[in-house]
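# Examination of the molecular architecture
The residues making up each chain are set out below.
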Amino acid sequence: MATEGGGKEMNEIKTQFTTREGLYKLLPHSEYSRPNRVPFNSQGSNPVRVSFVNLNDQSGNGDRLCFNVGRELYFYIYKGVRKAADLSKPIDKRIYKGTQPTCHDFNHLTATAESVSLLVGFSAGQVQLIDPIKKETSKLFNEERLIDKSRVTCVKWVPGSESLFLVAHSSGNMYLYNVEHTCGTTAPHYQLLKQGESFAVHTCKSKSTRNPLLKWTVGEGALNEFAFSPDGKFLACVSQDGFLRVFNFDSVELHGTMKSYFGGLLCVCWSPDGKYIVTGGEDDLVTVWSFVDCRVIARGHGHKSWVSVVAFDPYTTSVEEGDPMEFSGSDEDFQDLLHFGRDRANSTQSRLSKRNSTDSRPVSVTYRFGSVGQDTQLCLWDLTEDILFPHQPLSRARTHTNVMNATSPPAGSNGNSVTTPGNSVLPPLPRSNSLPHSAVSNAGSKSSVMDGAIASGVSKFATLSLHDRKERHHEKDHKRNHSMGHISSKSSDKLNLVTKTKTDPAKTLGTPLCPRMEDVPLLEPLICKKIAHERLTVLIFLEDCIVTACQEGFICTWGRPGKVPAEHFCRQEDRMQGVLQDQN
């Protein structure tokens, strides 16, 4: 629940912020929560999560919203920026005993106005398949907890499938299920299918087909989150051992890895074109990893505590004409950008099409992504060409990005290229000259990937003194009072023991797995605003708004510039006053 105005005090909750696109504004009338609007006592409970689905009905109001708060699960019509939320009429509401919902995911492929398939993972390890429109519960998987007894950390439908879904647990295991198969009445027996460095995949050994179809054991400690690439062919996993591991999902091969600066990695997301992966975690950083080169290309520092969610904004991209310069990407690279943002699709396409003419100037592209953390702050970041292609001359006409270091490597760099999940090819980025010129290979990795990471060096960190001051300030202001570790010290101690079992951070620091801070560009956020009283657990970019949620159970809608009807601004204050009167 936010106060009005911009405010200068550090602890004041912000209700609006401005970027190059314009003003983003919190819409109190579009806030979703439990029907009584009372803040939830979140101490010791699982994170609030939000899932969306569009039913494509004829009314034009097909968006549906699901969120969990404590033992409760709600399913609402989501009216977004258009109309006020009606919390008195949830389509479905469920209260669970003895366990709590931890995560959920809609099947967008099968969703209709009459039926929708929703998977819900629980703290005791079960997974439920429900239809909140028909108010039916069709199946319960791992009901007797014979497959895994630990908390479900992430559940997602396999892209393009009506029946397959993947479930991750805090045990470090993932399981592939089919909704058509049963789980059996006895504990499953497994046989090894494939094994590599820090991972193993087993099939279920049974006379008749049963769940789980596959069991993945990945890394050490909890497997905190996974994400499929946009084309569904690759799977990115982040674990409590601090590693990002990217697999070819069909061939079960390890494509590449990355290590956090310290601590566990908690969240992961793909860029809309599949070329980049962003992670966040207990090092308070956001880390950008190149899928093509299997290397860290940038880190972002803005949070003062653990980063809980990272997400790309597919609706915000900047395409600008610059001075003539050589661009080494293919035409397909530019076509990938056409998928960014329906609201800017026409202008983007017209500008990109100019590249085919002989007298046109090249385009400069900016990726936008965001992050929220346990410090209650929202950060937005721009990833620009001076970071993505440091071996090229910088364009004079460029979107502003706060980058703390400048790189000026040699103009020509050679190396092999790798096809991205978007089926486009990019040249490898030059690697820092302070890193060893030998590839650190993993079992199952493709040699061409690692060869592509060996390229010409780049210059040292240009503003090292400023960076050092920033680091000292960061250590001084670091807050752990928002962290999960203070809620459950026993589980934190257990995770710390697990983290120390195999990987020695001192041996990975300064290698391609985990470059030193001065060896990669350090981004500063475009905006960094405190927007909640409790730790933030949700960040979702929609076409006309941004959705955030905090552990108190409030799901907030932030209207994008030019996307909110004028009359809503006029009536916004009156509606907010009415809500406060109802509470009193």
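Residues numbered from 1 in each chain as written. Predicted model: local features only at pLDDT ≥ 70, side-chain atom pairs only at ≥ 80, totals over all residues. Heavy atoms only, no water.

Inclusion rule: UniProt positions are given in the numbering used here, feature names are shortened, and annotations may be inferred rather than shown by experiment.
As recorded in an unreviewed UniProt entry, the chain goes by the name WD repeat-containing protein 20, listed as coming from Pongo abelii. Annotation of the chain in UniProt includes, under Subunit (unreviewed entry), the sentence "Interacts with USP12; promotes translocation of USP12/WDR20 to the plasma membrane. Component of the USP12/WDR20/WDR48 deubiquitinating complex. Interacts with USP46; contributes to the cytoplasmic localization of the USP46/WDR20 complex. Component of the USP12/DMWD/WDR48 deubiquitinating complex."

### A look at the state of the cysteines
Basically, it comes down to this: The disulfide criterion is simple: two cysteine sulfur atoms within 2.5 Å.
All told, the structure shown has zero disulfides when counted by the stated rule. There is no disulfide at Cys204, and the cysteine sulfur nearest it, in Cys183, is 9.4 Å away.

### Regarding the side chain of Asn178
Put simply, the test is: Going along the chain from the N terminus, every DSSP run of H or I of four or more residues is numbered as a helix, and every run of E of two or more is numbered as a strand. Pairs of N or O atoms are called polar contacts if they sit within 3.5 Å, as long as, within protein, a hydrogen donor faces a hydrogen acceptor (for residues adjacent in sequence, only side-chain-to-side-chain pairs). Any two residues whose heavy atoms approach within 4.5 Å are treated as being in contact.
Inspection of the secondary structure puts Asn178 in strand β13 (residues 173-178). Within the local environment of Asn178, its side chain forms a polar contact with the backbone nitrogen of Glu180, the two atoms lying 2.9 Å apart. In this structure Asn178 touches Phe141, Ser163, Leu164, Asn211 and Leu213, once residues within four positions along its chain are discounted.

### Here we look at the environment of Cys269
Selection rule: In this scheme, a residue with accessible area under 20% of its type's maximum is buried, one over 50% is exposed, and one in between is partly exposed, where area comes from a 1.4 Å probe on protein chains only.
Note that Cys269 resides in strand β21 (residues 265-270). Overall, the relative accessible area of 8% leaves Cys269 in the buried class. C-alpha of Cys269 to C-alpha of Val288: the two residues are 19 residues apart in sequence and 9.9 Å apart in space. Excluding residues that lie within four positions of it along the chain, Cys269 makes contacts with Tyr276, Ile277, Val278, Val310, Ala311 and Phe312.

### Quick look at unusual backbone geometry
Here Asn211 and Pro212 are connected by a cis peptide whose omega angle stands at -5°. In this structure, Val252 takes a positive phi of about 55° despite not being glycine. With phi around 70°, Thr376 is a residue other than glycine that occupies positive phi space. If you trace the backbone, Thr376 turns up in the loop between β26 (363-373) and β27 (377-383). Note on Thr376: relative accessible area 0%, which makes it buried.

### Focus: the pattern of salt bridges
Rules: When a carboxyl oxygen of Asp or Glu lies within 4 Å of a side-chain nitrogen of Lys or Arg, that pair is called a salt bridge.
In this structure the tally under the stated criterion is nine salt bridges. When the shortest N-O distance is used, the salt bridge between Arg20 and Asp382 registers 3.3 Å. On the criterion of sequence distance, the pair formed by Arg20 in the loop between β1 (16-19) and β2 (22-26) and Asp382 in strand β27 is long-range, its members being 362 residues apart. Since its relative accessible area comes to 35%, Arg20 is described here as partly exposed. With a shortest N-O distance of 2.9 Å, Arg245 and Asp241 are connected by a salt bridge. For Arg245, a relative accessible area of 3% corresponds to the buried category. Through salt bridges with shared partners, a single network forms among Arg20, Glu21, Arg368 and Asp382.

### Quick word on the side chain of Thr316
Residue position: Thr316 is located in strand β25 (residues 307-321). For Thr316, the side chain forms a polar contact with the side chain of Asp313, separated by 2.7 Å. Those residues in contact with Thr316, other than ones at most four positions away along the chain, are Arg20, Glu21, Tyr24, Thr366, Arg368 and Arg560.

### Overview of the sheet that holds strand β20 (residues 253-259)
In a beta sheet, neighbouring strands pair by backbone hydrogen bonds and run either parallel or antiparallel. Here is the rule: Two strands are counted as paired when DSSP detects at least two bridges linking them. Helix axes use the C-alpha atoms of the stretch in contact, all axes being lines fitted to C-alpha atoms, and the angles between their N-to-C directions lie in the range 0 to 180 degrees.
Read from one edge to the other, the open sheet built from four strands follows the order β17-β18-β19-β20, with strand pairing classed as antiparallel. The open sheet has two edge strands with one neighbour each: β17 (223-228) and β20. Pairs of neighbouring strands in the sheet enclose a mean axial angle of 20°, with direction left out of account. Looking at chain direction, β17 and strand β18 (residues 234-239) are connected through five bridges and run antiparallel. Bridge pairing in β18 links Phe228 to Leu235.

### Comments concerning the sheet that holds strand β7 (residues 101-106)
Strands sit in the order β7-β8-β9-β10 across an open sheet of four strands; the sheet is antiparallel. Edge positions in the sheet fall to β7 and β10 (136-141), since each has one partner strand and no second. The mean inter-strand angle of the sheet, taken between neighbouring strand axes irrespective of direction, is 20°. Two elements, β7 and strand β8 (residues 118-122), share five bridges in a ladder whose sense is antiparallel. The partner of Phe106 across the bridge, within β8, is Leu118.

### Some details on the UniProt feature "repeat: WD" (unreviewed entry) in the chain
Annotation from UniProt places "repeat: WD" (unreviewed entry) at residues 258-290. The span residues 258-290 carries 0% helix and 61% strand; its end-to-end C-alpha distance comes to 10 Å.

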